[in-house]
Amino acid sequence: MRRSGPDGHSGTTPPVPGWPTFLLLLGLPALLFALFTWQVVAHGPLARTDERLSGHLVSPARIYELLADLGGIAVAVPVLAVVLGYVALRGRRAGLDRWWLPSVAAAVLMAVVPALVVPVKELVARPGPPVMGPGTGFYPSGHTATAAVAYGAATLVLLPWLRTALARRALVAGCLVLNLAVPFGLVRRGFHWPLDVVASWCLCAVLLSALWMLLGRTGSVDTGRPSSPAAAQPK
């Protein structure tokens with residue numbers, strides 16, 4: 001059964017991940033997140049090594065604070081909102097069925113982030129690096145999670161609308177750069193321990209994998225096939 005592609009041309013229903021892929025994309029990051037959380041709560045050897053490592057990484061340079069700010073709600077969420085609005089508009093103009101689904105799914109995922117992260121912060125109550133002074137609630141990193149989901153979800157829903165492989169690679173590369181820059185700034189500035197950001201990556205890997213699989217099953221995500229109108233024509 002064929003479906004309309006993003007430009008209104010015929011396309012094929014994209015493949016969906018099987019159980020091995022499902023377990024790898026969701027199970028492994030979830031297991032690692034549980035392991036890291038246990039180590040932080042128990043102040044195990046991994047958490048102690050994490051804290052020692054942080055002491056050698058902290059720098060007061062302003063640039064690191066600016067990088068960390070890219071993961072703030074005031075920056076990352078508006079970027080996502082603009083992309084979701086654009087994708088919804090393109091889908092509606094192209095006459096796609098369920099043109100609203102990718103944008104709504106990504107928006108819901110973004111709303112889920114604080115609902116997951118904040119309770120974990122409260123339960124774990126990890127103190128921050130010395131530069132942050134007294135206080136708890138640093139695990140996992142909220143800025144890292146916000147950046148990962150906002151920029152990651154924006155990439156997933158925008159990929160099918162890019163016509164060239166070069167544009168798609170540039171988008172993915174930009175997403176990766178942003179999601180490396182934010183945690184790098186957080187750790188270097190001393191706002192978070194390294195394990196805080198790694199745990200957030202694991203948590204967000206589960207969320208973004210779920211979004212990718214949802215969009216794949218509904219035919220709303222890029223799967224690496226050429227997305228030009230000519231490539232979408234029936235053979």
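Residues numbered from 1 in each chain as written. Predicted model: local features only at pLDDT ≥ 70, side-chain atom pairs only at ≥ 80, totals over all residues. Heavy atoms only, no water.

Trainee: Please explain a nonpolar patch on the surface as it appears in this structure.
Mentor: On the surface, Leu24, Leu28, Leu31, Leu32, Leu35 and Trp38 cluster together to form a nonpolar patch covering roughly 590 Å² of accessible area. Within the fold, Leu32 resides in helix 1 (residues 19-42). (Patch = residues over 30% accessible without salt bridge, like charges linked within 9 Å, V, L, I, M, F, W, Y side chains within 5 Å. Areas by Shrake-Rupley, 256 points an atom, 1.4 Å probe, with all protein chains shown as cover. Salt bridge = Lys/Arg side-chain N within 4 Å of Asp/Glu carboxyl O. Helix = DSSP H or I, 4+ residues; strand = E, 2+ residues; numbered from the N terminus.)

Trainee: Hey, could you run me through the nonpolar core in this one?
Mentor: When a protein is soluble and globular, its nonpolar side chains tend to lie buried together. Within the largest apolar cluster, 46 residues are counted, with the highest numbers of intra-cluster contacts made by Phe33, Leu80, Val113, Tyr139, Val149, Val157 and Leu211. Among the elements of the structure, helix 1, helix 4 (73-93), helix 5 (101-124), helix 6 (142-158), helix 7 (165-189) and helix 8 (194-217) are those that each provide at least two residues to this core. For this core, the element with the highest residue contribution is helix 6, accounting for 11 residues. Not counting chain neighbours up to four residues away, the residues in contact with Phe33 comprise Val120, Tyr139, Pro140, Ala199, Cys202 and Leu203. (Core = buried A, V, L, I, M, F, W, Y, C linked by side-chain atoms within 4.5 Å. Buried < 20%, exposed > 50% of the residue type's maximum accessible area, 1.4 Å probe, protein only. Contact = heavy atoms within 4.5 Å.)

Trainee: Looking at this structure, I do not really get the packing of helix 3 (residues 62-69) against helix 7. What am I missing?
Mentor: The relative placement of two packed helices comes down to the angle between their axes together with the axis-to-axis distance. The N-to-C vectors of helix 3 and helix 7 enclose an angle of 135°; their axes lie 7 Å apart at closest approach. In this view, helix 3 runs oblique relative to helix 7, as classed from their interaxial angle. With respect to the hand of their crossing, helix 3 and helix 7 are arranged in left-handed fashion. Of the residues in helix 7, those touching helix 3 at Tyr64, Glu65, Leu67 and Ala68 are Ala181, Val182, Phe184, Gly185, Leu186, Arg188 and Arg189. (Axes fitted to C-alpha atoms, helices over the stretch in contact; angles between N-to-C directions. Parallel < 35°, antiparallel > 145°, perpendicular 65-115°, else oblique. Left-handed = near helix turned anticlockwise from the far one by under 90°.)

Trainee: I tried to follow the state of the cysteines on my own but got confused; where do I start?
Mentor: Simply put, disulfide is the name for a covalent bond between the sulfur atoms of two cysteines. Under the criterion given, the structure shown has zero disulfides. This cysteine, Cys202, is not joined by any disulfide, and Cys204 carries the nearest cysteine sulfur, 9.5 Å off. Classification of Cys202 by relative accessible area gives buried; the value is 9%. (Disulfide = S-S within 2.5 Å.)

Trainee: What's the story with the environment of Gly137 in this structure? I'm lost.
Mentor: In this fold, Gly137 is placed in the loop between helix 5 and helix 6. The spatial distance from the C-alpha of Gly137 to the C-alpha of Pro127 is 6.5 Å, given a sequence separation of 10 residues. Discounting residues that sit within four places of it in the chain, Gly137 has contacts with Lys121, Ala125 and Arg126.

Trainee: What exactly am I supposed to notice about the pattern of salt bridges here?
Mentor: Any two side chains of opposite charge can pair, on the condition that their charged atoms come close. Taken as a whole and judged by the stated rule, the model has five salt bridges. Of the charged contacts, one joins Arg126 and Glu51 as a salt bridge, the two residues approaching to 3.5 Å between their closest N and O atoms. Of this pair, Arg126 sits in the loop between helix 5 and helix 6 while Glu51 sits in helix 2 (residues 45-55), and the two are 75 residues apart along the sequence. Using a relative accessible area of 4% as the deciding quantity, one classes Arg126 as buried. The class for Glu51 is partly exposed, based on a relative accessible area of 25%.

Trainee: Help me understand the side chain of Ser209, please; the structure alone is not making it clear to me.
Mentor: Mapped onto the elements, Ser209 comes out in helix 8. In terms of polar contacts, Ser209 uses its side chain to reach the backbone carbonyl oxygen of Ala205, at 2.7 Å. If sequence neighbours within four positions are ignored, Ser209 has contacts with Leu25 and Leu26. (Polar contact = N/O pair within 3.5 Å; in protein donor to acceptor, adjacent residues only side chain to side chain.)

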